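# Coordinate inspection notes
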Amino acid sequence: PSSHGVVYPQNNGTNAYLQGQTDYSGSQQSDGSSGTSPAKEAVIRNRESAKSPDVVDGVFWSKTTERKCPGGFTEGDQKGWKNKIDKTKVVKLETGCGRMQNRMATFKDAAQACVRYRLNTDQIQGEIFSFYLSKLLGIDNVPPSSLHLVNTIDDRWRTVTGEIANSKWADDKVVIFTQFVEGLKPSYIPVEFRGEDRKLHPKQDLMNSKGPEDLCDLVQWSDLIIFDYLTANLDRVVNNMFNKQWNPNMMNTPAHNLERTSNGRLIFLDNESGLFHGYRLLDKYASYHRTLLDSLCVFRNSTARAIERLHHSGSVGEELNKMFSQNEELYNHIPRLPQKNAKILQQRIADVYEQIQTCKKQYV
């Protein structure tokens, strides 16, 4: 397997979302009436309200809107990151990056990484498999990440052996190096998702009232809601929603594990509860995830196409494990995504696919 770079799946399928649109205009009767049922008239009104070509195109963000938004992490960023952690010496290891045994690592060239150390393997699995799922979906808000092995006799670690001992890290333990992004600021939950009546639908009056920064936030939030629904991430918006029972102002505070760059790019941090821990607790938190998904009716076209492809292929588990093994030299050091988890993920992909179809029937 290649030691550098992400191997991306080929997508040669056609976009079914842009084909076979139903004409709900209604037929003209001889008496001059439209002959349209009340249900179809409601669809027509929704369709007209969604005609804001500079912002949305049906239930999708328009290309014009997406082009105004800052770019995210690229395949080149991931290749460069893997090359750095494979070849560059760590010269400093200090407290930082969240939980007790996580550390901030500084490389010889002054670049920095958040190093995730966990006793429970499933948290390492959750973080790294969530990262590769973001690659499968084409969601570029998750920072470059890769597995690494703690090895105090390796020249790359030798300078910080004392700090490793103080951190109570075990030799030969798999950790995750995630690129540290400087200058991050807290990110707040958009008003569309704060209240019990949360909704983001392609209404013209709503879209036209938004400035470029707010629109770009919503574009990225449409991906965030899908991503966190698929992984059943408990440590972001669901955290705010759940804690609202003790703090009524919780939805007005910054979103947990979500930061923004100076140019408005959202960074999806700390995904370790995804795909494993979050799945075990679905009985408790499923309603929160579902409420957020049901509130969403505007999507990035590329994300919808990825969902469609993975829904029809039924192979997300196989693709995720293949991508992981092709891109991580240490793929044999942690278990792959189990079949049970892959089935849950495949079902949640079907849920998102059905939500997109429901929105299309309502607005297109």
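Since this is a predicted model, take the numbers as computed values, not measurements.

## What about the overall build of the chain?
Assigned secondary structure in the chain consists of 13 helices and 10 strands. When each of the 364 residues of the chain is scored for burial, the buried share is 53%. Residue pairs at least 24 apart in sequence account for 75% of intrachain contacts in the chain once pairs closer than 6 positions are excluded. When the accessible surface of the chain is split by element, carbon and sulfur atoms take 48% of a total near 16,600 Å².

## Focus on the packing of helix α10 (residues 282-294) against helix α13 (residues 339-363)
Two numbers describe a pair of packed helices, the interaxial angle and the distance between the axes. Where α10 contacts α13, the axes come no closer than 11 Å and their chain directions differ by 25°. Here α10 lies roughly parallel to α13, going by the angle between them. Between α10 and α13 lies a crossing whose hand is right-handed. Residues Leu-282, His-289, Arg-290, Leu-293 and Asp-294 of α10 pack against Ile-344, Arg-348, Asp-351, Val-352 and Gln-355 of α13. Residues of the contact of α10 with α13, tallied by class, amount to 4 nonpolar, 2 polar and 4 charged.

## Quick notes on unusual backbone geometry
It is generally the case that most residues other than glycine have a negative phi and that most peptide bonds are trans. Despite not being glycine, Lys-168 shows a phi value in the positive range, around 60°. When you line up the elements, Lys-168 lands in the loop between α5 (161-166) and β7 (174-179). The backbone of Ala-232 sits at a positive phi, close to 60°, despite the residue not being glycine. For Ala-232, the location among the structural elements is in the loop between α7 (212-231) and α8 (237-243). Judged by its relative accessible area of 0%, Ala-232 falls in the buried class.

## Observations concerning empty space enclosed by the protein
Applying the stated criterion across every chain, the model contains 1 cavity of 30 Å³ or more. Contributing to the lining of the largest cavity are Trp-221, Leu-224, Ile-225, Asp-228, Tyr-229, Asn-233, Val-237, Val-238, His-289, Leu-292 and Leu-293. Looking at the lining of the largest cavity, its residues break down into 8 nonpolar, 2 polar and 1 charged.

## Quick notes on the packing of aromatic side chains
Using the criterion set out here, one finds 15 aromatic pairs in the structure. Pairing Phe-242 with Tyr-288 gives two aromatic rings, centres 6.0 Å apart and planes at 75°, and the pair type is edge-to-face. Of this pair, Phe-242 sits in helix α8 while Tyr-288 sits in helix α10, and the two are 46 residues apart along the sequence. Residue class for Phe-242 comes out buried when judged on its relative accessible area of 19%. Each ring, one from Tyr-285 and one from Tyr-288, has its centre 6.2 Å from the other, and the planes form 45°; the classification is tilted. Linking Tyr-285 with Tyr-288, this pair stays in helix α10, spanning 3 residues, or about one helical turn. Since its relative accessible area comes to 12%, Tyr-285 is described here as buried. An aromatic cluster of at least three residues, connected via ring pairs, comprises Trp-81, Phe-107, Tyr-117, Trp-157, Trp-169 and Phe-177.

What counts, and where the lines are drawn
Residues numbered from 1 in each chain as written. Predicted model: local features only at pLDDT ≥ 70, side-chain atom pairs only at ≥ 80, totals over all residues. Heavy atoms only, no water. Helix = DSSP H or I, 4+ residues; strand = E, 2+ residues; numbered from the N terminus. Buried < 20%, exposed > 50% of the residue type's maximum accessible area, 1.4 Å probe, protein only. Contact = heavy atoms within 4.5 Å. Areas by Shrake-Rupley, 256 points an atom, 1.4 Å probe, with all protein chains shown as cover. Axes fitted to C-alpha atoms, helices over the stretch in contact; angles between N-to-C directions. Parallel < 35°, antiparallel > 145°, perpendicular 65-115°, else oblique. Left-handed = near helix turned anticlockwise from the far one by under 90°. Nonpolar A, V, L, I, M, F, W, Y, C, P; charged D, E, K, R; others polar. 1 Å grid on protein atoms, 1.4 Å probe; cavity = no way out; pocket = protein on both sides within 12 Å on 5 of 7 lines; lining within 4 Å. Points joined across faces, edges and corners; volume = space filled by probe spheres on them. Phe/Tyr/Trp six-rings, centres within 6.5 Å; stacked < 30°, edge-to-face > 60°.

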